[in-house]
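Structural features, examined
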Amino acid sequence: MLLVAAAGVFVLCYLPYVAASGAGVLGYLPGYLREEGYQQGHLDRFGLLRLVLPDRFAPWGGAALLAVLVWRVLRHGDPGRPWRGALLVTGGALLLAAPGYPWYGLLVVALVALDGRWEWLAVPAAGQLLYLAGGERTQQLAYGAALLVIAAVSARRAGRWPRPVRAQMTEV
C-alpha cells in the first residue's frame, strides 16, 4: 500500500510538468543514456550480463535483476540500517550496468564508510580500472572480479565459506 501511495504522489507531482512540456520533462536524460551506451543493442554496457544473456536482452535482464534487489531490500532490509540496503542496490546497479566512469562509484564508497562492508570497494575499483584500461574484456574481468570478491567475503561473513584449516599439534 505504501508503494502505491508513493507512486501516486510521484505521478501527481509530475503531472503538471508532463502536461506543460510533454516528453521534454525528461530533459537531456534520453540523450545522456544514448551517449553513454545504454540504448538497446549497444555493447559498451552490461558486460557481465552479456556473458550469460544475448546482447539485446542484457538491458532487460539488468532491469529485472535490479528490481529483484530493490524488492529484497524493501521486503527484508533492516530499517535501522537503511544504508545497508542502499549499498546493495547501488552497488548492484553498478555491477549490472558496468559504467565506464569511476566517479559513479563514489556513492558506494560513502555507503561503505557507513556500513563497513569493505568488499563493496571492489566495485568502484572496477570502474577505475575500466576507465584507465578500457575495453569490453577489461569491463567483464574487472566487474567480474568485483562480483567474486563481494560474493566470497559475504559468504565468509555469513559462515557459508569454510575457514582455513590450521595445522594442529598433536601430543604423542
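Before going into details, it helps to say that this report is about the structure given with it. As the structure is a prediction and not an experimental result, all values here were calculated from the model.

Calculation notes
- Residues numbered from 1 in each chain as written.
- Predicted model: local features only at pLDDT ≥ 70, side-chain atom pairs only at ≥ 80, totals over all residues.
- Heavy atoms only, no water.
- Helix = DSSP H or I, 4+ residues; strand = E, 2+ residues; numbered from the N terminus.
- Buried < 20%, exposed > 50% of the residue type's maximum accessible area, 1.4 Å probe, protein only.
- Contact = heavy atoms within 4.5 Å.
- Areas by Shrake-Rupley, 256 points an atom, 1.4 Å probe, with all protein chains shown as cover.
- Expected span 1.5 Å × (residues − 1).
- Patch = residues over 30% accessible without salt bridge, like charges linked within 9 Å, V, L, I, M, F, W, Y side chains within 5 Å.
- Salt bridge = Lys/Arg side-chain N within 4 Å of Asp/Glu carboxyl O.
- Axes fitted to C-alpha atoms, helices over the stretch in contact; angles between N-to-C directions.
- Parallel < 35°, antiparallel > 145°, perpendicular 65-115°, else oblique.
- Left-handed = near helix turned anticlockwise from the far one by under 90°.
- Nonpolar A, V, L, I, M, F, W, Y, C, P; charged D, E, K, R; others polar.

Turning our eyes to something else, we now look at the overall build of the protein. A tally of regular secondary structure across the protein gives seven helices and zero strands. N-terminal to C-terminal, the α/β element order of the protein is α-α-α-α-α-α-α. Burial analysis of the protein (172 residues in total) assigns 30% to the buried set. Sequence-distant contacts in the protein: of pairs separated by 6 or more residues, those separated by 24 or more amount to 57%. When the accessible surface of the protein is totalled, it reaches about 11,800 Å², and 69% of it is carbon and sulfur.

Time to look at helix H6 (residues 122–133). Taking 1.5 Å per residue as the helical rise, H6 with its 12 residues ought to reach 16 Å, and the 16 Å between its terminal C-alpha atoms agrees with that figure. Summarising the contacts, the buried residues of H6 are in contact with helix H4 (82–97), helix H5 (106–115) and helix H7 (136–157). A positive phi of about 70 degrees marks Gly 134, the residue just after H6.

Looking now at the side chain of Gln 139. Its location among the elements puts Gln 139 in helix H7. Residue Gln 139 is classed as buried on the basis of its relative accessible area, which comes to 3%.

A contiguous nonpolar patch, built from Trp 103, Leu 106, Val 109, Trp 118, Leu 121, Tyr 131, Leu 132 and Val 149 and spanning about 820 Å² of accessible area, is present on the exposed surface. Of all the secondary structure elements, the ones that give two or more residues to the nonpolar patch are H5 and H6. When you line up the elements, Val 149 lands in helix H7.

A separate point is the pattern of salt bridges. For the structure on display, the rule yields five salt bridges. Here Asp 115 and Arg 117 are joined by a salt bridge, their closest N and O atoms 3.3 Å apart. Linking Glu 119 and Arg 157 is a salt bridge whose minimum nitrogen-to-oxygen distance equals 2.6 Å. In this pair, Glu 119 is assigned in the loop between H5 and H6 and Arg 157 in helix H7, connecting sequence segments 38 residues apart.

The subject of this paragraph is the packing of H4 against H7. Angle between the axes and distance between the axes: these two values describe a pair of packed helices. Their axes nearest at 9 Å, the elements H4 and H7 cross at an angle of 150 degrees. The pairing of H4 with H7 is recorded here as roughly antiparallel in orientation. Of the two possible hands of crossing, H4 and H7 adopt the one that is left-handed. Residue-level contacts link Leu 94, Leu 95 and Ala 97 of H4 to Gln 139, Tyr 143, Ala 146, Leu 147 and Ile 150 of H7. The residue inventory of the contact of H4 with H7, partitioned by class, reads seven nonpolar, one polar and no charged.

Their axes nearest at 9 Å, the elements H6 and H7 cross at an angle of 165 degrees. Considering the angle they form, H6 stands roughly antiparallel to H7. Taken as a pair, H6 and H7 cross one another with a handedness that is right-handed. Here Ala 122, Val 123, Ala 126, Gly 127, Leu 129, Leu 130 and Ala 133 of H6 lie close against H7, whose contacting residues are Thr 138, Gln 139, Ala 142, Tyr 143, Ala 146, Val 149 and Ile 150. For the contact of H6 with H7, the per-class residue count stands at 11 nonpolar, three polar and no charged.

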